[in-house]
Number of protein chains: 2
Amino acid sequence: MQAPRMRIAVFGFSELSERLREAGHEVFQASEPREIESAQLVVLGVSPEQMEFFVEKLAVFAKRGQLFLHSCPRYTLEVFRPLVELGALCFVSIETTHEAWSVTASDEVTATVGELLLAECQLRSISVPESKLQEFVAGVAFASFRNQVEIIAYQLLDQAVTDTETQVEIVDNAAGSRALMDVGTLERCVEVIPEPADRETFRHLAKRMAQAYRAHDVEWWAMNEGMDKE
Amino acid sequence: MQAPRMRIAVFGFSELSERLREAGHEVFQASEPREIESAQLVVLGVSPEQMEFFVEKLAVFAKRGQLFLHSCPRYTLEVFRPLVELGALCFVSIETTHEAWSVTASDEVTATVGELLLAECQLRSISVPESKLQEFVAGVAFASFRNQVEIIAYQLLDQAVTDTETQVEIVDNAAGSRALMDVGTLERCVEVIPEPADRETFRHLAKRMAQAYRAHDVEWWAMNEGMDKE
């Protein structure tokens, strides 16, 4: 038995609607609010600046039981409130990794529909409560920062250690130590970092670690170096 | 057959010499340079500021074939040059993870001795060439920064996602996206980060990511927010 195919209206660009099209749904690019009348699911892929404006315009034509989705990490479900009040079924799905997207929905049935649609897109869903969606997005942002810092760590270690497994072991397990978090040591480290942006990040994070280790001299150095040289 | 036990002189504090004592070596705390005459291995656990002074003083009593070790990430083998010139066998071993320390030696035989001694301390050794020891230390520092950033990511995700496996998957795979690296989104993220130091780190790293994504508006925001509010 084939799963039911939906008629899906998209405003702007949405990766999910592209994937839903590939999964066999009837996806059409909408430009007028009135066009949503024929759609079971409406995807808002507009810019963050336009989101509230579009919700307001679409509310005029929205129907009870109609599905609405956005994937904009700036907004929670709150932006959909005018639609929810009309009885529309709203959910937010944020790209989290290449294989998993979050699902935050106005009710349990909508959450299940969201999960089923993600599964059709070959994506796993991560259920996130509405009250914690902002924390979730901040956590994902910090995780992507962590992965940027990791890239720099690998670039440096790759010059000193040829074995990839050892590099991974070091990156996964390196713990700051008092010996490392020392002004003179960190000054010498900065010398060998080729990229100015990486040097600045190094100084910022050295300061941050110094706070954790309460090594006030490192903190002082990172602040001064940052001001004098950059 | 029991491995040969060495007489080891320690100046200052050294974790390795503590472990070598546990492994059965005869370790004694030295205070006078002359005391090294009876030692096969001399460990310099003094502060970074004292290192060069001690090397100079010990060079008076050092003998050809005598082993010298320091674990100070501020210095490479270069600090041991006066001892190497006398024919002493010198090596540097830096704490890298809880299970592995680096080895950088003046020659191959000394490198092997260093690796054997680490093995006696239940530590694996990571061979690092002298010319890349500074890059190695900088890489280890970045790795420990990465692990600090990771802790903050987990603290935030833990509020939104209860399943630990999912948290790990997110932290390991979160990739920055243009949607995430957006001024309005990042401003909202900062609101939910409780620690001021974490907020500052968030702003710095957001700026860094914006540079990578060439999103100049984010860069501008991170700089302004940093100045106005902190």
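The rules we used
Residues numbered from 1 in each chain as written. Chains lettered and ligands numbered in written order. Predicted model: local features only at pLDDT ≥ 70, side-chain atom pairs only at ≥ 80, totals over all residues. Heavy atoms only, no water. Helix = DSSP H or I, 4+ residues; strand = E, 2+ residues; numbered from the N terminus. Rg over C-alpha atoms; globule rule 2.2 N^0.38 Å. Buried < 20%, exposed > 50% of the residue type's maximum accessible area, 1.4 Å probe, protein only. Contact = heavy atoms within 4.5 Å. Axes fitted to C-alpha atoms, helices over the stretch in contact; angles between N-to-C directions. Parallel < 35°, antiparallel > 145°, perpendicular 65-115°, else oblique. Nonpolar A, V, L, I, M, F, W, Y, C, P; charged D, E, K, R; others polar. Phe/Tyr/Trp six-rings, centres within 6.5 Å; stacked < 30°, edge-to-face > 60°. Lys NZ or Arg CZ within 6 Å of the ring centre and 35° of its normal. Least-squares fit on C-alpha atoms with pLDDT ≥ 70 in both. Polar contact = N/O pair within 3.5 Å; in protein donor to acceptor, adjacent residues only side chain to side chain. Pairing = 2+ DSSP bridges. Right-handed = clockwise from strand over helix to strand, strands pointing away. Core = buried A, V, L, I, M, F, W, Y, C linked by side-chain atoms within 4.5 Å. Left-handed = near helix turned anticlockwise from the far one by under 90°. Buried area = accessible area lost by both parts, 1.4 Å probe. Salt bridge = Lys/Arg side-chain N within 4 Å of Asp/Glu carboxyl O.

An unreviewed UniProt entry annotates chain A as CGL2689-like C-terminal domain-containing protein of Corynebacterium vitaeruminis DSM 20294.

Looking at the overall build of chain A
Within chain A one finds 9 helices and 7 strands. The C-alpha atoms of chain A give 24 Å as radius of gyration, which overshoots the globular expectation for 230 residues (17 Å, by more than 25%). Overall, chain A is about 70 × 40 × 30 Å in size when its C-alpha atoms are taken along their principal axes. Of all 230 residues assigned to chain A, the portion counted as buried reaches 55%. Put simply, 50% of the contacts in chain A that link residues at least 6 apart link residues at least 24 apart.

Thoughts on the packing of helix α7 (residues 183-191) of chain A against helix α5 (residues 133-160) of chain B
Remark: α7 of chain A packs on α5 of chain B, axes separated minimally by 8 Å, with the N-to-C direction vectors making an angle of 110°. Judged by the inter-axis angle, α7 of chain A sits roughly perpendicular to α5 of chain B. Seen from α7 of chain A, the contacting residues are T185, R188, C189 and E191 of chain A; seen from α5 of chain B, they are Q134, V137 and A138 of chain B. Residue composition of the contact of α7 of chain A with α5 of chain B, by class: 3 nonpolar, 2 polar and 2 charged.

Focus on the packing of aromatic side chains
With the rule as written, the count across this model stands at 10 aromatic pairs over all chains. Ring geometry for F202 of chain A versus F142 of chain B: centroids 5.3 Å apart, planes at 65°, classification edge-to-face. Highlighted residues: F202 of chain A in helix α8 (residues 196-213) and F142 of chain B in helix α5, drawn from two different chains. A relative accessible area of 0% means that F142 of chain B is categorised as buried. When the ring centre of F28 of chain A is taken as origin, the NZ or CZ atom of R7 of chain A, which lies over that ring, is 4.2 Å away.

A look at the relation of the copies chain B and chain A
Here chain B sits on chain A after a turn of 180° about the axis and a move of 0.0 Å along it, with an RMSD of 0.1 Å. Read as a symmetry element, the transformation amounts to a two-fold axis. Across chain B, the rotation axis passes nearest the C-alpha of R146 of chain B, at a separation of 2.7 Å. By residue overlap, the copies meet face to face through one surface: 100% of the interface positions of chain B are interface positions in chain A.

Re helix α7 (residues 183-191) of chain B
Along α7 of chain B, the residues that are buried comprise V183, G184, T185, L186, C189 and V190 of chain B. Where α7 of chain B begins, one side-chain oxygen reaches toward the backbone nitrogen of G184 of chain B, 3.2 Å away; that side chain belongs to D182 of chain B.

Some remarks on the pairing of strand β7 (residues 124-127) of chain A
Residues and elements named next belong to chain A. As paired elements, strand β6 (residues 100-105) and β7 share 4 bridges and run parallel to each other. Bridging from a neighbouring strand, W101 pairs with S125 of β7. Taken together, β6, helix α4 (residues 108-120) and β7 constitute a β-α-β crossover, and its handedness is right-handed.

A word on the nonpolar core
Of all hydrophobic cores here, the largest spans 130 residues; its most connected members are F68 of chain A together with F68 of chain B. Among all residues touching F68 of chain A, those that are not within four sequence positions of it are I36, L41, V42, L44, L58, A62, F80, L83, A88, L89, C90 and F91 of chain A.

Quick look at unusual backbone geometry
Positive phi, close to 65°, is recorded for Q122 of chain A, a residue that is not glycine. Here Q122 of chain A is to be found in the loop between α4 and β7.

Regarding the sheet that holds strand β1 (residues 7-12) of chain B
All names here are of chain B. Strand order across the open sheet formed by 7 strands is β2-β1-β3-β4-β5-β6-β7, with mixed pairing between neighbours. On the outer flanks of this sheet lie β2 (26-29) and β7 (124-127), each paired with one strand and no other. Within the sheet, the average angular offset between the axes of one strand and its neighbour, ignoring direction, is 25°. In this structure, β1 lies alongside β2, joined through 4 bridges in parallel fashion. Along β2, the bridge assignment pairs R7 with E26. In the packing of helix α4 (residues 108-120) onto the sheet, the strands contacted are β3 (41-45), β4 (67-70), β5 (89-92), β6 (100-105) and β7, and the crossing angle to β6 comes to about 160°.

Examining the packing of α8 of chain A against α5 of chain B
For the pair α8 of chain A and α5 of chain B, the least separation of the axes is 10 Å and the interaxial angle reads 65°. Crossing of α8 of chain A against α5 of chain B: the hand is left-handed. Of the residues in α5 of chain B, those touching α8 of chain A at D198, T201, F202, L205, A206, R208 and M209 of chain A are A138, A141, F142, S144, F145, Q148, V149 and I152 of chain B. Among the residues making up the contact of α8 of chain A with α5 of chain B, the classes are represented as 10 nonpolar, 3 polar and 2 charged.

A closer look at the interface of chain B and chain A
Facing 74 residues of chain B, the contacting portion of chain A comprises 74 residues. For the chain B and chain A pair, buried surface summed over both sides reaches about 6800 Å², with 65% attributable to carbon and sulfur atoms. On the chain B side of the contact with chain A, F142, F145 and R146 of chain B bury the most area, a combined 12% of that side's loss. Applying the counting rule to chain B against chain A returns 12 salt bridges. Note that D198 of chain A is salt-bridged to R208 of chain B, the shortest N-O span being 2.1 Å. Linking chain B with chain A are 28 residue pairs in polar contact (both at pLDDT 80 or more). Secondary-structure elements contributing two or more residues to the side of chain B that touches chain A are β7, α5, α6 (164-173), α7 and α8 (196-213) of chain B. For the side of chain B that touches chain A, the element with the highest residue contribution is α5 of chain B, accounting for 23 residues.

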